Amino acid sequence: DLNGVNPVVCLVGGMFALGVAAGLWYATQQLGTFFALHPVNTEVYFVVRSTQVVRNVAMGMISLASGFFGVTGLGIFLLGVRVAYGVINGELDPT
């Protein structure tokens with residue numbers, strides 16, 4: 001039941017989530033560049049492996065968050081479009 005859903009809130013919320021996704025995607029690119037330009041300078045095996053794990057976790061978490069925010073933002077935005085279409089046709093009541 002989509003009655004009572006405000007399309008403006010959905011559209012603004014979707015755009016916000018897509019903006020956060022774009023920011024996280026940019027952060028992923030910048031972090032990848034930083035990691036590529038600053039390799040680990042040590043011969044200690046434990047430190048090298050631990051650093052690789054931390055870098056992989058950081059890249060994975062930011063990439064995953066970017067994807068989640070992107071898909072969620074797209075879904076909320078499309079929900080707002082559908083509700084706005086229903087309100088314009090008189091099919092839905094936004095109050």
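Residues numbered from 1 in each chain as written. Predicted model: local features only at pLDDT ≥ 70, side-chain atom pairs only at ≥ 80, totals over all residues. Heavy atoms only, no water.

**A few points about a nonpolar patch on the surface**
Our working definition: Distance thresholds for patches are 9 Å for like charges and 5 Å for nonpolar side chains (Val, Leu, Ile, Met, Phe, Trp, Tyr), applied to residues having over 30% relative accessible area and no salt bridge. Working definition of accessibility: Shrake-Rupley area with a 1.4 Å probe, residue cover restricted to the visible protein chains. For this analysis, a salt bridge means a side-chain nitrogen from Lys or Arg found within 4 Å of a carboxyl oxygen belonging to Asp or Glu. Per the convention used, a helix needs a DSSP run of H or I reaching at least four residues, while a strand needs a run of E reaching at least two, with both numbered from the N terminus. For the exposure calls, accessible area comes from a 1.4 Å probe over protein chains only, and a residue counts as buried if that area is under 20% of its type's maximum, exposed if over 50%, partly exposed in between.
Taken together, the side chains of Val53, Val57, Met61, Leu64 and Phe68 make up a nonpolar region of the molecular surface, amounting to roughly 510 Å² of accessible area. With respect to the helices and strands, Val57 occurs in helix α2 (residues 45-89). The exposure class assigned to Val57 is partly exposed, which follows from its relative accessible area of 48%.

**Thoughts on the packing of aromatic side chains**
What counts here: Ring pairs are drawn from Phe, Tyr and Trp, using the six-membered ring of Trp, whenever the two centres fall within 6.5 Å, and their geometry is named by plane angle: stacked under 30 degrees, edge-to-face over 60, tilted for the rest.
In total, this model carries 1 aromatic pair according to the counting rule given. Summarising the aromatic geometry, the rings of Phe34 and Phe35 are spaced 6.1 Å apart at their centres and angled 55 degrees between planes, so their arrangement reads as tilted. For Phe34, a relative accessible area of 42% translates into the label partly exposed. On the basis of relative accessibility, which here comes to 19%, the residue Phe35 falls in the buried class.

**Focus on the pattern of salt bridges**
Opposite charge on two side chains permits pairing when their charged atoms draw close. The tally for this structure, following the rule as stated, stands at 1 salt bridge. For Arg82, the salt bridge goes to Glu91, with nearest N and O atoms at 3.0 Å. With relative accessibility at 47%, the residue Glu91 sits in the partly exposed group.

**Comments concerning the environment of Gly32**
Summarising the element assignment, Gly32 is placed in helix α1 (residues 7-37). Placed 27 residues apart in sequence, Gly32 and Met59 show a C-alpha to C-alpha distance of 7.2 Å.

**Side note on the packing of α1 against α2**
Formally: An axis is simply a line fitted to the C-alpha atoms; with a helix, the fit covers only the stretch in contact. Between two such axes, the angle follows the N-to-C directions and lies from 0 to 180 degrees. Orientation categories follow fixed angle ranges, with anything under 35 degrees roughly parallel, anything over 145 roughly antiparallel, 65 to 115 roughly perpendicular, and all other angles oblique. The crossing is said to be left-handed when, going from far helix to near helix, the turn is anticlockwise and less than a right angle, and right-handed when the turn is clockwise. In this count, Pro and Cys sit with the nonpolar residues alongside Ala, Val, Leu, Ile, Met, Phe, Trp and Tyr, while Asp, Glu, Lys and Arg are called charged and the others, Gly among them, polar.
Across the interface, α1 lies against α2 with an axial gap of 7 Å and an inter-helix angle of 160 degrees. In terms of their interaxial angle, α1 and α2 are classed as roughly antiparallel. Considering how the two elements wind past one another, α1 and α2 form a crossing that is left-handed. When the residues that make up the contact of α1 with α2 are grouped by side-chain class, the tally is 25 nonpolar, 9 polar and 1 charged.

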